[in-house]
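# Structural characterization, general
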2 protein chains.
Amino acid sequence: MRQMKIDATDRKILKLLTENGRMSYVDIAKELGLSRVAIRERINQLMEEGVIEKFSVVINSDKVGKKVSAFFEVDCEPTSLVKVAETLVENPKVASCYQMTGPSTLHMHVLVEDFDELEHFINEELYALQGITRVESHILLRRFKSRSGLNL
Amino acid sequence: MRQMKIDATDRKILKLLTENGRMSYVDIAKELGLSRVAIRERINQLMEEGVIEKFSVVINSDKVGKKVSAFFEVDCEPTSLVKVAETLVENPKVASCYQMTGPSTLHMHVLVEDFDELEHFINEELYALQGITRVESHILLRRFKSRSGLNL
DNA sequence: GTTGAAATGCTGTGTAC
DNA sequence: GTACACAGCATTTCAAC
């Protein structure tokens, strides 16, 4: 992956868009003391380069009924790891899945409606997979901070 | 927190906005076979209720120079936990910080430029805090899936 | 990088059904 | 919930600097 040349202005644009993805070019231009056209071109370039992956919306998962957040550390037999990961990724309950260093190679974040659904996920969907040697699970109690943007 | 009555249409709107936060009311209306006004009112209500927290932009952290992603499990003395969490939350390198069940109560995701910055974070900013009894760290090797939206 | 102008399209609002 | 209309903006694209 090629390193992009992101300058201070780009970072300011990204910061403003993180806070308000609907902010208009004109308002960004005013904020940064540049012209609308310059802002538009920078944003387009940031999108082309893949720095901006997409415009989106931040949803409060509690309020759409996903009351239970769980994190899993999953150890796999080395030869099964990719297959296990790819299966988990297909599961819509799995919000994220990372390969990490350390004894527990796969880290996974799961969102479900309730504990019944969590129990079903663990027993029917997770433990059913071949090649898993150990699972450690944690339930989320409190969010102190949640992906509130990068340090730009 | 009051449970909202989110219906199937709301979920479809949220899904579309997750994929493209800039999608116009008109296009959403066409997609769902409703009127423009109906879509606008639903989105406004979703924002008022806090279901939609904000419109934002998804940034590829690698491409803005955050090459290293690390996860920490931090055990604290019970009386220090909230203070430790609140201090960490103030740190811009900390992307998220959760209190979990299980032996490691605080889980934390940190984004930094490189290993020098990570080392500095660990030694100067994390280990310097009072009340921490154990830290386990993991470095991200590979993203199989990354918060690609809720299962709506 | 800037400004200006014109065409187009979307939003916000109100009205009526 | 729908349909329509109107004003106010924002975006897009052009040209010129």
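Each chain has its residues counted from 1, following the order in which its sequence is written. For naming, the first written chain is A and the first written ligand is 1, with later ones following in the order written. Residues qualify for local features only when their pLDDT is at least 70, as the model is predicted, and side-chain atom pairs are given and counted only at 80 or more; totals for whole chains, interfaces and linings, by contrast, use all residues. Computation of side-chain values: all heavy atoms of the structure, hydrogens and water removed.

## Concerning the overall build of chain A
Our working rule: Each helix is a run of DSSP H or I of at least 4 residues and each strand a run of E of at least 2, with the numbering of both proceeding from the N terminus. Atoms counted for the radius of gyration: C-alpha only. Globule rule: 2.2 Å times residue count to the power 0.38. Each residue is assigned to one of three classes by its accessible area relative to the maximum for its type, calculated with a 1.4 Å probe on protein chains only: buried under 20%, partly exposed between the two thresholds, exposed over 50%. Contact definition: two residues touch when any of their heavy atoms are within 4.5 Å. For the accessible areas, the method is Shrake-Rupley and the probe is 1.4 Å, while residue cover comes only from the protein chains on display. Neither His nor the chain ends is counted toward charge; the positive residues are Lys and Arg and the negative residues Asp and Glu. By convention, charge coordinates are those of NZ in Lys, CZ in Arg, CG in Asp, or CD in Glu.
Within chain A, the secondary structure is distributed over five helices and five strands. Secondary structure of chain A in N-to-C order comes out as α-α-α-β-β-α-β-β-α-β. Relative to its length of 152 residues, chain A is extended, with a C-alpha radius of gyration of 20 Å against a globular reference of 15 Å. With respect to the principal axes defined by its C-alpha atoms, chain A has extents near 55 × 35 × 25 Å. When the 152 residues of chain A are sorted by exposure, 51% land in the buried category. The contacts of chain A with a sequence gap of at least 6 include a subset with a gap of at least 24, amounting to 65%. Approximately 7600 Å² of chain A is accessible, and the part contributed by carbon and sulfur atoms is 49%. Computed over 21 positive and 23 negative side-chain charges, the inter-centroid distance for chain A is 10 Å.

## Overview of the environment of Asn44 of chain A
If you trace the backbone, Asn44 of chain A turns up in helix α3 (residues 36-48). Along the chain, Asn44 of chain A and Leu88 of chain A lie 44 residues apart, while their C-alpha atoms are 34 Å from each other.

## Section: the pairing of strand β4 (residues 106-112) of chain B
Residues and elements named next belong to chain B. Operational definition: At least two bridges found by DSSP between two strands are what make those strands a pair.
Buried residues dominate β4, accounting for seven of its seven residues. Of the two faces of β4, the one lined by Leu106, Met108, Val110 and Val112 and the one lined by His107, His109 and Leu111 are each fully buried. Of the pairings in the sheet, the one linking strand β2 (residues 68-76) to β4 comprises seven bridges and is antiparallel in character. Bridge pairing in β4 places Glu73 opposite His107. What sits between the antiparallel neighbours strand β3 (residues 94-100) and β4 is a turn of five residues, in which Gly102 has the positive phi angle 95 degrees.

## Description of the protein's contact with DNA strand C
Note the threshold: Nearness is defined per residue: one heavy atom within 4 Å of the molecule or strand is enough. In protein, a polar contact requires one atom able to donate a hydrogen and another able to accept it; more generally it is a pair of N or O atoms within 3.5 Å, and residues adjacent in sequence count only if both atoms are side-chain atoms. Under the grouping applied here, Gly and all other residues not named as nonpolar or charged are polar, the nonpolar ones being Ala, Val, Leu, Ile, Met, Phe, Trp, Tyr, Cys and Pro and the charged ones Asp, Glu, Lys and Arg.
With respect to spatial proximity, the complete set of residues near DNA strand C consists of Leu34, Ser35, Val37, Ala38 and Arg42 of chain A together with Ser24, Tyr25, Val26, Arg36 and Arg40 of chain B. Sugar and phosphate atoms represent 62% of those atoms of DNA strand C found within 4 Å of the protein. Tyr25 of chain B places a main-chain nitrogen or oxygen 3.0 Å from a phosphate oxygen of DNA strand C. At 2.9 Å, a side-chain N or O of Arg36 of chain B approaches a base oxygen of DNA strand C. If you list the elements that add at least two residues to the surface near DNA strand C, you get α3 of chain A together with α2 (25-32) and α3 (36-48) of chain B. When grouped by side-chain class, the residues that make up the surface near DNA strand C number five nonpolar, two polar and three charged.

## Focus: the domain arrangement of chain A
In many reports, interface size means the accessible area that the parts give up when they come together. Filter applied, for reference: Note that domain bounds follow an automatic or database assignment of domains.
Segmentation of chain A into domains returns domain 1 (8-48) and domain 2 (61-139). For domain 1 of chain A and domain 2 of chain A, the distance between their C-alpha centroids amounts to 37 Å.

## Comments concerning the sheet that holds strand β5 (residues 132-145) of chain B
Rules: Interaxial angles span 0 to 180 degrees and are taken between N-to-C directions of axes, which are lines fitted to C-alpha atoms, for helices over the stretch in contact.
Strand order in the closed barrel formed by eight strands is β2(A)-β4(A)-β3(A)-β5(B)-β2(B)-β4(B)-β3(B)-β5(A), and the pairing between neighbours is antiparallel. Across this sheet, the average inter-strand angle for adjacent strands is 35 degrees, counted without regard to direction. Pairing geometry for strand β2 (residues 68-76) of chain A and strand β5 (residues 132-145) of chain A, over seven bridges, is antiparallel. Looking at β5 of chain A, one finds that Cys76 of chain A is bridged to Ile132 of chain A. Contacting β2, β3 (94-100), β4 (106-112) and β5 of chain A, helix α5 (residues 115-126) of chain A crosses the sheet at an angle of about 15 degrees to β2 of chain A.

## What about the packing of aromatic side chains?
As a reminder of what qualifies: Working definition: rings of Phe, Tyr and Trp (its six-membered ring) pair if their centres are within 6.5 Å, and the pair is stacked with planes under 30 degrees apart, edge-to-face with planes over 60 apart, and tilted otherwise. We call a charge positioned over a ring when the NZ of a Lys or the CZ of an Arg lies within 6 Å of the ring centre and within 35 degrees of the ring normal.
Considering all chains together, one arrives at four aromatic pairs over all chains under this definition. Here the aromatic rings of Phe71 of chain A and Tyr98 of chain B are separated by 5.5 Å at their centres, their planes lie at 40 degrees, and the arrangement is tilted. One end of the pair, Phe71 of chain A, is in strand β2; the other, Tyr98 of chain B, is in strand β3, on a second chain. Its guanidinium or amino end placed over the ring of Phe55 of chain B, Arg22 of chain A lies 3.9 Å from that ring's centre, counting from NZ or CZ.

## Brief notes about helix α4 (residues 81-90) of chain A
This is how it is decided: The directions from the helix axis to the C-beta atoms form the arc being described.
Along α4 of chain A, the residues that are buried comprise Leu81, Val84, Ala85, Leu88 and Val89 of chain A. One side of α4 of chain A carries all its buried residues, which in axial view fall inside an arc of 135 degrees. In α4 of chain A, the exposed positions that point more than 90 degrees away from the buried face belong to Lys83 and Glu90 of chain A. Along its buried surface, α4 of chain A packs onto β2, β3, β4, α5 and β5 of chain A together with β5 of chain B.

## Considering a negative patch on the surface
The condition that has to hold: For patches, a residue must show more than 30% relative accessible area and have no salt bridge; joins then use 9 Å for like charges and 5 Å for nonpolar side chains, namely Val, Leu, Ile, Met, Phe, Trp and Tyr. For salt bridges, the criterion is a side-chain nitrogen of Lys or Arg within 4 Å of an Asp or Glu carboxyl oxygen.
Side chains of Asp114, Asp116, Glu119 and Glu124 of chain A sit close together on the surface and give a patch of like negative charge. Residue position: Glu124 of chain A is located in helix α5.

## Overview of the relation of the copies chain B and chain A
Put simply, the rule is: Residues reaching a pLDDT of at least 70 in both copies supply the C-alpha atoms on which the copies are superposed by least squares.
Take chain B, turn it by 180 degrees, move it 0.0 Å along the axis, and it overlays chain A with an RMSD of 0.1 Å. Accordingly, the operation relating the two chain copies is best matched by a two-fold axis. Relative to the rotation axis, the C-alpha of Ser56 of chain B is the closest in chain B, positioned 2.7 Å from it. Looking at the interface residues of chain B, 99% of them are also at the interface in chain A, so both copies use one shared face.

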